[in-house]
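# Descriptive structure summary
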Amino acid sequence: MASKFTMVDPAQGDDVYQHMAQTVNDRMGKAVEELRQKNDERTAALQSGASVPDEDASVDGPTGSAYRQVEARKRAQQHRAQARIRKSKEQAVDAARQEEIVQKLQESHLLSDEEDDEAEDSLDPEFKLIRERRLAALKAQHQEKADNMSKGHGQYREITQDEFLPEVTGSRRVLVHFYHKDFMRCKIMDKHLASLAPTHIETKFLKINAEKAPFFVGKLHVKILPTVIFFKDSIAEERLQGFEGLADGQSKGQEDEFPTARVAARLGKLEAIDYTAPPTLDELRRFHLSQHAAIRGGTATTYDDDEDLDGCLSD
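Residues numbered from 1 in each chain as written. Predicted model: local features only at pLDDT ≥ 70, side-chain atom pairs only at ≥ 80, totals over all residues. Heavy atoms only, no water.

## A short note on the pairing of strand 3 (residues 204-209)
Rule in force here: Residue burial is assigned from relative accessible area. The probe radius is 1.4 Å, only protein chains are included, and a residue is buried under 20% of its type maximum, exposed over 50%, and partly exposed in between. Segments assigned H or I by DSSP are reported as helices when at least four residues long, segments assigned E as strands when at least two residues long, and all are numbered from the N terminus. Strand pairing is assigned whenever DSSP detects at least two bridges linking the two strands. By convention, orient the strands away from the viewer: a clockwise path from the first strand over the helix to the second makes the crossover right-handed.
In terms of burial, strand 3 is largely enclosed, as six of its six residues are buried. Of the two faces of strand 3, both are covered, the one formed by Lys204, Leu206 and Ile208 as well as the one formed by Phe205, Lys207 and Asn209. In this structure, strand 1 (residues 156-158) lies alongside strand 3, joined through three bridges in parallel fashion. Note that in strand 3 the partner of Glu158 across the bridge is Lys207. With six bridges connecting them, strand 2 (residues 173-179) and strand 3 associate as parallel partners. Each residue of the ladder has a partner; that of Phe178, found in strand 3, is Ile208. Assessed by its sense of winding, the connection that carries the chain from strand 2 through helix 6 (residues 184-196) to strand 3 is right-handed.

Here it is as structure tokens:
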């Protein structure tokens, strides 16, 4: 069978290449002429005021109007989806915060019975769902609380060096205050920790005389008194040395007179206790709760600023 390919005589190579070059030049010249003609027609149409269609009006074209419209719709859909996600997250955060505030006010008896009912009626569906989940969790926490109480939680106790390891390893969260009996600041820390212990059953509150616990003072590198060390699952996680961060903003001469609420907030930041920040007046208004406290000790009290409210909720 004869081959469909033929061999070019080397002597004729130059003629072949010249022919190919001429063909390519002819085609390029024709294409350029067509583009020039289209451009002239487009320019004439624009000058006459006639509408000129896009050169590429297909959906897939990168410059066509249809492509731009599709891309614009996609971007708009993405923006709407992102906005819905942000709004959902904000609502969930608000609902959780509202639930925390209502519970805190109820526990502190800062809502009158009438205000309590109004607060219940004002709950949105997402808030109610969060409350139902929280109530279920509270039932599980009840047994944990009973177990913690049996381990000495709920009180501020002093331990000896021999008791240190059994006490620290016996609970999941433990706070140990290393103190000196003659240091006034240690006595101030004692006062705050003794106030917090009964209301934070989730954590065991202990203190130990640093002079009588030289082994653990050296092992834990305790160099400043008072020092409060937070143990989580028997591991020293965080520590509060002296009054760092507690005296900030205090007037000169009153550096040691900070409120217990500030200690609670500091320990909460360390995750040593379960801490709920007290509501601001703005939050009370936003969640349709009263900015006025209910009757406390037979006297109605109005809180004019967040500092007063913060101090009340920390009692």
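Anyway, onward from the coordinates.
## Comments concerning the pattern of salt bridges
What counts is decided by this rule: We define a salt bridge as a contact between a side-chain nitrogen of Lys or Arg and a carboxyl oxygen of Asp or Glu at a distance within 4 Å.
One pass over the structure, following the stated rule, counts eight salt bridges. With its nearest N and O atoms 3.7 Å apart, the salt bridge here joins Arg172 to Asp233. Separated by 61 residues along the polypeptide, Arg172 in the loop between helix 5 (161-169) and strand 2 and Asp233 in the loop between strand 4 (227-232) and strand 5 (235-241) bring together distant segments of the chain. Exposure remark for Asp233: the relative accessible area of 44% places this residue in the partly exposed category. Across the pair Asp182 and Lys181 runs a salt bridge whose closest N-O atoms are separated by 3.5 Å. Asp182 sits in the exposed class, given a relative accessible area of 53%. Among the residues examined, Lys181 registers a relative accessible area of 48% and is labelled partly exposed.

## A word on the sheet that holds strand 1
This is how it is decided: Helix axes use the C-alpha atoms of the stretch in contact, all axes being lines fitted to C-alpha atoms, and the angles between their N-to-C directions lie in the range 0 to 180 degrees. Contact between two residues is taken to exist if any of their heavy atoms lie within 4.5 Å; hydrogens are not considered.
If you trace the five strands from one edge of the open sheet to the other, you get 1-3-2-4-5, paired in mixed fashion. In this open sheet, the two edge strands, each paired with only one partner strand, are strand 1 and strand 5. Recorded for the sheet is a direction-independent mean angle of 25° between the axes of neighbouring strands. The pairing of strand 4 with strand 5 spans six bridges and is antiparallel. Looking across to strand 5, one finds that Lys232 is bridged to Ile235. Most of the contacts of helix 5 go to strand 2, to which it runs at about 160°, and overall it touches strand 1, strand 2, strand 3 and strand 4.

## As for helix 5
The condition is simple: Starting at the helix axis, one direction is taken to each C-beta atom, and the arc is that of these directions.
The set of residues buried in helix 5 consists of Phe164, Glu167 and Val168. Taken end-on, helix 5 shows its buried residues confined to a sector of 90°, consistent with a single buried face. Away from the buried face of helix 5 by more than 90 degrees, exposed residues Asp162 and Pro166 are located. Where helix 5 is buried, its residues touch strand 1, strand 2, strand 3, helix 7 (214-219) and strand 4.

## Side note on the side chain of His192
Structurally, His192 can be placed in helix 6. The contacts of His192, once residues within four sequence positions are left out, are Phe258, Pro259, Thr260 and Val263.

## Topic: the packing of helix 6 against helix 8 (residues 260-269)
Threshold: The labels follow the angle: roughly parallel below 35 degrees, roughly antiparallel above 145, roughly perpendicular from 65 to 115, and oblique for the rest. Polar here means any residue other than Ala, Val, Leu, Ile, Met, Phe, Trp, Tyr, Cys and Pro, which are nonpolar, and Asp, Glu, Lys and Arg, which are charged; Gly is therefore polar.
Direction vectors running N to C along helix 6 and helix 8 enclose 75°, while the axes themselves pass 10 Å from each other. Viewed along their axes, helix 6 and helix 8 adopt a mutual orientation that is roughly perpendicular. Residue-level inspection shows His192, Leu193, Ser195 and Leu196 of helix 6 in contact with helix 8, the latter providing Thr260, Val263, Ala264 and Leu267. Among the residues making up the contact of helix 6 with helix 8, the classes are represented as five nonpolar, three polar and no charged.

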